[in-house]
Amino acid sequence: MASVAVLAVWFVGLSAVLALLRLYFVFRGLGKDRNPTAASSGSIRTVVVVGSGGHTTEVLRLMSGLSDKYAPRYYIIAETDQMSEEKVHRFERETHPGKKDSYEIQKVPRSREVAQSWLSTVFTTLYATLYSFPMVFRISPDLILCNGPGTCIPPCAAGLLMTFLGLKKVSLVYVESICRVETLSLSAQLLYYLADHLLVQWPHLQQKFPRTTYIGRVI
Amino acid sequence: MSEREKCVFVTVGTTSFDPLIELVSISTFCKLLEELGYTRLLLQIGRGQYEPEAFTKPGFRLEYFRFKDTIAEDIQNASLVISHAGAGSCLETLGAGKPLVVVINETLMNNHQLELANQLYKDGHLYYATCSNLRHLLKDMDISKLKTFPPGQPEKFAAFLDKVMGVS
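Residues numbered from 1 in each chain as written. Chains lettered and ligands numbered in written order. Predicted model: local features only at pLDDT ≥ 70, side-chain atom pairs only at ≥ 80, totals over all residues. Heavy atoms only, no water.

**Points about helix 4 (residues 87-95) of chain B**
All names here are of chain B. Note the threshold: Partly exposed residues are those whose accessible area sits between 20% and 50% of the maximum for their type, while under 20% is buried and over 50% is exposed, using a 1.4 Å probe and protein chains only. Comment: elements are numbered from the N terminus, with helices defined as DSSP H or I runs of at least four residues and strands as E runs of at least two.
With seven of nine residues buried, helix 4 lies mostly within the body of the structure. The complete set of buried residues in helix 4 reads Ala87, Gly88, Ser89, Cys90, Leu91, Thr93 and Leu94. Of the residues trailing helix 4, Gly97 is marked for its positive phi of about 70°.

**Side note on the packing of aromatic side chains**
The following threshold applies: Think of it this way: a Phe, Tyr or Trp ring, Trp meaning its six-membered ring, pairs with another when their centres are within 6.5 Å, and the plane angle makes it stacked under 30 degrees, edge-to-face over 60, tilted otherwise. Distance and angle both matter: a charge sits over a ring if NZ of Lys or CZ of Arg is within 6 Å of the ring centre and within 35 degrees of the ring normal.
Counted under the stated rule, the structure contains eight aromatic pairs over all chains. An angle of 70° between the planes, with centres 5.9 Å apart, marks the rings of Tyr127(A) and Tyr131(A) as edge-to-face. Of this pair, Tyr127(A) and Tyr131(A) both sit in helix 5 (residues 118-139), four residues apart, roughly one helical turn. Look at Tyr121(B) and Tyr128(B): their rings are 5.0 Å apart centre to centre, the planes differ by 75°, and that puts the pair in the edge-to-face class. Judged by its relative accessible area of 40%, Tyr121(B) is partly exposed. Every member of this aromatic cluster is reached through a ring pair, and the members are Tyr192(A), Tyr193(A) and Phe209(A). Note that Lys6(B) overlies the ring of Tyr38(B), its terminal NZ or CZ placed 4.7 Å from the centroid.

**Section: the pairing of strand 1 (residues 46-49) of chain A**
All names here are of chain A. Just so we agree on the cut-off: If DSSP finds at least two bridges between two strands, the strands pair.
Both faces of strand 1 are covered, namely the face carrying Thr46 and Val48 and the face carrying Val47 and Val49. Bridge count for strand 1 against strand 2 (residues 73-78) is four bridges, and the pairing is parallel. The partner of Val47 across the bridge, within strand 2, is Tyr74. Relative to strand 4 (residues 143-146), strand 1 runs parallel, the two sharing four bridges. Note on strand 4: the bridge partner recorded for Val49 is Cys146.

**As for the packing of helix 1 (residues 18-25) of chain B against helix 2 (residues 27-35) of chain B**
Residue and element names in this part refer to chain B. Our working definition: Lines fitted to the C-alpha atoms define the axes, with helices restricted to the stretch that makes contact. Angles between their N-to-C directions range from 0 to 180 degrees. Between 65 and 115 degrees an angle is taken as roughly perpendicular, under 35 as roughly parallel, over 145 as roughly antiparallel, and anywhere else as oblique. Only heavy atoms enter the contact rule, under which two residues are in contact if any of them lie within 4.5 Å. By the convention adopted, Pro, Cys, Tyr, Trp, Phe, Met, Ile, Leu, Val and Ala count as nonpolar, Lys, Arg, Asp and Glu as charged, and the other residues, Gly among them, as polar.
The geometry of helix 1 relative to helix 2 is characterised by a closest axis approach of 5 Å and an angle of 65° between their N-to-C directions. The orientation of helix 1 with respect to helix 2, classified from their angle, is roughly perpendicular. On helix 2, the residues that touch Leu23, Val24 and Ser25 of helix 1 are Ser27, Phe29 and Cys30. For the contact of helix 1 with helix 2, a count of residues per class yields four nonpolar, two polar and no charged.

**Some details on unusual backbone geometry**
All names here are of chain A. Looking along the chain, the bond that leaves Ala71 and enters Pro72 is cis, with omega of -10°. Looking at the element boundaries, Pro72 is found in the loop between helix 3 (54-63) and strand 2. For Ser140, which is not a glycine, the phi torsion comes out positive at approximately 50°. Among the secondary structure elements, Ser140 is positioned in the loop between helix 5 and strand 4.

**Topic: the nonpolar core**
Counted only if it meets this: Each nonpolar core is a collection of buried residues, namely Ala, Val, Leu, Ile, Met, Phe, Trp, Tyr and Cys, held together in the definition by side-chain atoms within 4.5 Å.
Ranked by internal contacts, the top residues of the largest apolar core, which has 79 residues, are Tyr75(A), Val175(A), Phe157(B) and Leu161(B). At six residues, helix 7 (residues 154-165) of chain B tops the list of elements feeding residues into this core. The contacts of Val175(A), once residues within four sequence positions are left out, are Leu62(A), Leu145(A), Cys146(A), Asn147(A), Leu199(A), Gln201(A), Val218(A), Ile219(A) and Phe157(B). Membership of the second largest hydrophobic core comes to 29 residues, among which are Leu23(B), Tyr38(B), Leu43(B) and Leu80(B).

**What to know about the packing of helix 5 of chain A against helix 6 (residues 153-164) of chain A**
Residues and elements named next belong to chain A. To be explicit about the condition: Should the near helix be turned anticlockwise from the far one by less than a right angle, the crossing is left-handed, and should it be turned clockwise, the crossing is right-handed.
Interaxial distance between helix 5 and helix 6 falls to 8 Å at its minimum, and their mutual angle equals 45°. By the criterion of interaxial angle, the relationship of helix 5 to helix 6 is oblique. Here helix 5 and helix 6 pass one another in a crossing that is right-handed. Listed contacts from helix 6 to Thr125, Ala128, Thr129, Ser132, Phe133, Val136 and Phe137 of helix 5 are Pro154, Pro155, Ala157, Ala158, Gly159, Leu161 and Met162. Each residue belonging to the contact of helix 5 with helix 6 can be placed in one class, and the counts come to ten nonpolar, four polar and no charged.

**Let's talk about the sheet that holds strand 4 of chain A**
Residue and element names in this part refer to chain A. Reading across the sheet, the six strands line up as 3-2-1-4-5-6 and stay open at both edges, with parallel pairing between neighbours. In this open sheet, the two edge strands, each paired with only one partner strand, are strand 3 (103-108) and strand 6 (197-199). Averaged over neighbouring strand pairs, the angle between their axes works out to 20° when direction is ignored.

**Description of the sheet that holds strand 7 (residues 127-129) of chain B**
Residues and elements named next belong to chain B. Reading across the sheet, the seven strands line up as 3-4-2-1-5-6-7 and stay open at both edges, with mixed pairing between neighbours. The two strands at the open ends of the sheet, each matched to only one other strand, are strand 3 (55-57) and strand 7. Looking at each pair of strands side by side, their axes are set apart by 15° on average, direction ignored. Those strands touched by helix 1 are strand 1 (7-11), strand 2 (40-44), strand 4 (60-65), strand 5 (80-83) and strand 6 (100-103), and its axis lies near 165° from that of strand 2. Relative to strand 6, helix 4 is tilted by about 170°, and along the sheet it contacts strand 1, strand 5 and strand 6.

**Description of the UniProt feature "transmembrane region" (unreviewed entry) in chain A**
Just so we agree on the cut-off: UniProt positions are given in the numbering used here, feature names are shortened, and annotations may be inferred rather than shown by experiment.
If you check UniProt for "transmembrane region" (unreviewed entry), the listed places come out as residues 6-25 of chain A in our numbering. Structurally, residues 6-25 of chain A comprises 100% helix and 0% strand, and the distance from its first C-alpha atom to its last is 29 Å.

**Describing the pattern of salt bridges**
All names here are of chain A. Applicable threshold: The term salt bridge refers to a side-chain nitrogen of Lys or Arg lying within 4 Å of a carboxyl oxygen of Asp or Glu.
Evaluation of the coordinates by the stated rule reveals 14 salt bridges over all chains. Notably, a salt bridge pairs Asp196 with Lys169, separated by 2.6 Å at the nearest N-O pair. With Asp196 in the loop between helix 7 (186-190) and strand 6 and Lys169 in the loop between helix 6 and strand 5 (171-175), this residue pair connects regions lying 27 residues apart in the sequence. Accessibility expressed as a relative area gives 10% for Asp196, which makes it buried. The exposure class assigned to Lys169 is partly exposed, which follows from its relative accessible area of 23%. Notably, a salt bridge pairs Lys208 with Glu182, separated by 3.4 Å at the nearest N-O pair. With Lys208 in helix 8 (residues 203-208) and Glu182 in the loop between strand 5 and helix 7, this pair connects stretches of sequence that are 26 residues apart. Under the relative-accessibility criterion, Lys208 is labelled partly exposed at 44%.

Written out as structure tokens, the structure is:
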């Protein structure tokens, strides 16, 4: 019996050491310029997490400057958000006319409605997470681009897991909403040490949070 | 739209903001707008519970709708936009070069949207109000003092992303 316990402890210990080692390598790779997988294949499989309302407008503004190399584009949208879906279709028609097959819309349950309580948010986020993981693993993106709403946490977690497991380097680029002048959003705080790049729109916000990047107002 | 029409467009985006919609659609408020020279009040009420009563009388009319694919045209046709503090509505209005009054929804949890409205107000791009002082503000404000808001540069983001993703 004792030997089984020793073996179990040993096994758990070894797993922990391996996990920490793996984490070390993942973290060391964060923020590194150039993404070899993406560059070699010529196109960048891109997941865009679309929020709602203002977030949608912002993320589509960000997308408006990107070249055709960011393809295919998978837009993740909360299933209740009809307005954002329309905006994405219109954006795609305007920026990539005649290329209907270069993007797809993926619907997920909402992590959090506006004004939903934090406690119930935990449960809805778990539910959304169950949905998002197989979706992101199937898409196998090179890049996850997001700008704020809680909806982005489950896909980002899935992307991090893919990187952690060594399946693929998934770059997380988080662009903070222009709304955030003095403080980071909850999503940005969660991803502060995990995103490869976290861009902010106001220079004094960058000074408060040194891991962020400010390259001018991009939205 | 006739040449002389002066429209106030009120927009709440994808949210609901009943206190604002109720406030602006009451007859005394419409009267104030009329006194200020406006001839039309158009409301985008989003998910609000409260539905105002549309009316047309000589010299003034009130209309509303819930959602549209795009409100760009309504902003373009407006002489003044009164908006909730959502970034999309604010930026779309400022981008169209229209005078903007942002009304803060004090009932929203963790009201971080105040930050943006406050900053844009500090920088002189818009006026901001709460439901309780909107009336006063409309009477006292000077639209000609608002500064234009230069557009953001998504092309800088594209260049940044190309660099970090190794796209040549």
